[in-house]
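Below are the chains, spelled out letter by letter.
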Amino acid sequence: MHEAEQFPLPNTAPVQGDLLPPIKLHKDSIILGDRMRSDMGDLEELADSIKEFGLIHPPTIDKNKNLIAGGRRYAAMTQILKWEWIPVTLAETDGSEIVLRMMELEENLKRKEMTWKERCISIARVHNLHRMDDAKRGEVWSKAQTGQLLGIAVGNVQYCVDIATLLKNPNS
C-alpha cells in the first residue's frame, strides 16, 4: 500500500453515500471491476478539459478501493494524461455489489442534461464574454473561435447567439 492511501475515517457515524474529502491513490490500487459503461466516448476531449479546468469532480471509490463512479475520468487521467496518482473521494457504503452498482447507475441516470435553451444561452454567454474580454485588448473574438473552443460548428454558435437574443428580447 502506498503511503498516501491511508484513509482518514470520520469521527461521526457514516451515512450511506457520505463522501470524505478527496485523497490521492496510486492508479494501480483502484479496483475498476466490471463497469456498466463500456463506451468511454471522447477521452481526449475530457482529458483536455481536465488539463484546462482541473478535475472538478474526482472519481468516487468505496473503502475497499472499488471504483463506484467516474470511470471516464479515471480513464482520461490514466490513459491520456498518464497520471500515476488519482484524486478520489471515498464514499461510505455497506460494500455490497447491489449498492455499488446502484451508485454507479444513479450517477449516470440521474444527472440532468441542459435543456436546448440552457445550452444556447450558455454558448451565447461564453461567446459574449470572450468578445468583451478581447474588446478590452482591442481584439475581435469571432463565432468561429467560439466554435473551435467548444468543439461545435460556427453555424451552431450563430444559432445559439440568435436564440439567446430572442429568448432575452422576444419582441425583437
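Asks: A description of the sheet that holds strand E4 (residues 85-90) should follow, citing residues and the corresponding values.
Replies: The strand order across the open sheet formed by four strands is E1-E4-E2-E3, and the pairing between neighbours is mixed. The sheet is open, and its two borders are formed by strand E1 (23-26) and strand E3 (67-69), each paired with just one other strand. Pairing of strand E2 (residues 60-61) with E3, which is carried by two bridges, proceeds in the antiparallel orientation. From the neighbouring strand, Ile 61 faces E3, where its bridge partner is Leu 67.

Asks: Give me the lowdown on a nonpolar patch on the surface, citing residues and values where you can.
Replies: A cluster of nonpolar side chains, namely Met 36, Ile 98, Met 102, Leu 105 and Leu 109, defines an oily patch on the protein surface of about 490 Å² accessible area. Position of Leu 105 among the secondary structure elements: in helix H3 (residues 97-109). We classify Leu 105 as partly exposed; its relative accessible area is 31%.

Asks: Before we move on, could you go through unusual backbone geometry and cite the residues and values that matter?
Replies: Phi at Lys 65 takes a positive value of approximately 70°, unusual for a residue other than glycine. In this structure Lys 65 comes out as buried when scored by relative accessible area, which is 12%. Positive phi outside glycine occurs at Lys 82, with the angle close to 60°. With respect to the secondary-structure elements, Lys 82 resides in the loop between helix H2 (71-80) and E4. Judged by its relative accessible area of 57%, Lys 82 is exposed.

Asks: I'd like a description of the pairing of E4, backed by residues and values.
Replies: Looking along a regular strand, one sees side chains alternate from face to face of the sheet. Taking burial as the measure, the six residues of E4 include five buried ones, the bulk of the element. Looking at chain direction, E2 and E4 are connected through two bridges and run parallel. Counterpart to Thr 60 in the pairing with E4 is Thr 89.

Asks: Lay out the pattern of salt bridges in plain terms, naming residues and giving numbers.
Replies: Side chains that differ in charge, positive against negative, can pair when their charged atoms come close. Scanning the entire structure with this criterion turns up 10 salt bridges. As a salt-bridge pair, Arg 101 and Glu 104 come within 2.5 Å of each other at their nearest N and O atoms. Linking Arg 101 with Glu 104, this pair stays in helix H3, spanning three residues, or about one helical turn. You can call Glu 104 buried: its relative accessible area is 2%. Beyond isolated ion pairs, a larger network of salt bridges with shared partners links Arg 35, Glu 97, Arg 101 and Glu 104.

Asks: Before we move on, could you go through the nonpolar core and cite the residues and values that matter?
Replies: Counting residues in hydrophobic clusters, the biggest one holds 17 residues, and the most contacted among them are Leu 25, Ile 30, Ile 50, Ile 61, Ala 76, Ile 86 and Val 88. When contributions to this core are tallied by element, the ones reaching two or more residues are E1, helix H1 (43-53), H2 and E4. Residue contacts for Ile 86: discarding those within four places in its chain leaves Ile 23, Lys 24, Leu 25, Lys 27, Ile 30, Pro 59, Tyr 74, Met 77 and Thr 78.

Asks: Break down the packing of helix H4 (residues 116-136) against helix H6 (residues 154-168) for me, with residues and values.
Replies: Contact pair H4 / H6: the axes reach a minimum separation of 8 Å and the direction vectors enclose 105°. Judged by the inter-axis angle, H4 sits roughly perpendicular to H6. On the side of H4, the interface is formed by Trp 116, Lys 117, Cys 120, Ile 121, Ile 123, Ala 124 and His 127, while H6 contributes Val 157, Tyr 159, Cys 160, Val 161, Ile 163, Ala 164 and Leu 167.

Asks: I'd like to hear about the packing of H1 against H2, residue by residue, with values.
Replies: The interhelical angle for the contact between H1 and H2, taken along N-to-C directions, is 85°, at an axis separation of 9 Å. Accordingly, the angle class assigned to the pair H1 and H2 is roughly perpendicular. Note on element contacts: H2 touches H1 through Arg 72, Arg 73, Ala 75, Ala 76, Met 77, Gln 79 and Ile 80, opposite Leu 43, Glu 44, Leu 46, Ala 47 and Ile 50.

Reading guide: rules and limits
Residues numbered from 1 in each chain as written. Predicted model: local features only at pLDDT ≥ 70, side-chain atom pairs only at ≥ 80, totals over all residues. Heavy atoms only, no water. Pairing = 2+ DSSP bridges. Helix = DSSP H or I, 4+ residues; strand = E, 2+ residues; numbered from the N terminus. Patch = residues over 30% accessible without salt bridge, like charges linked within 9 Å, V, L, I, M, F, W, Y side chains within 5 Å. Areas by Shrake-Rupley, 256 points an atom, 1.4 Å probe, with all protein chains shown as cover. Salt bridge = Lys/Arg side-chain N within 4 Å of Asp/Glu carboxyl O. Buried < 20%, exposed > 50% of the residue type's maximum accessible area, 1.4 Å probe, protein only. Core = buried A, V, L, I, M, F, W, Y, C linked by side-chain atoms within 4.5 Å. Contact = heavy atoms within 4.5 Å. Axes fitted to C-alpha atoms, helices over the stretch in contact; angles between N-to-C directions. Parallel < 35°, antiparallel > 145°, perpendicular 65-115°, else oblique.

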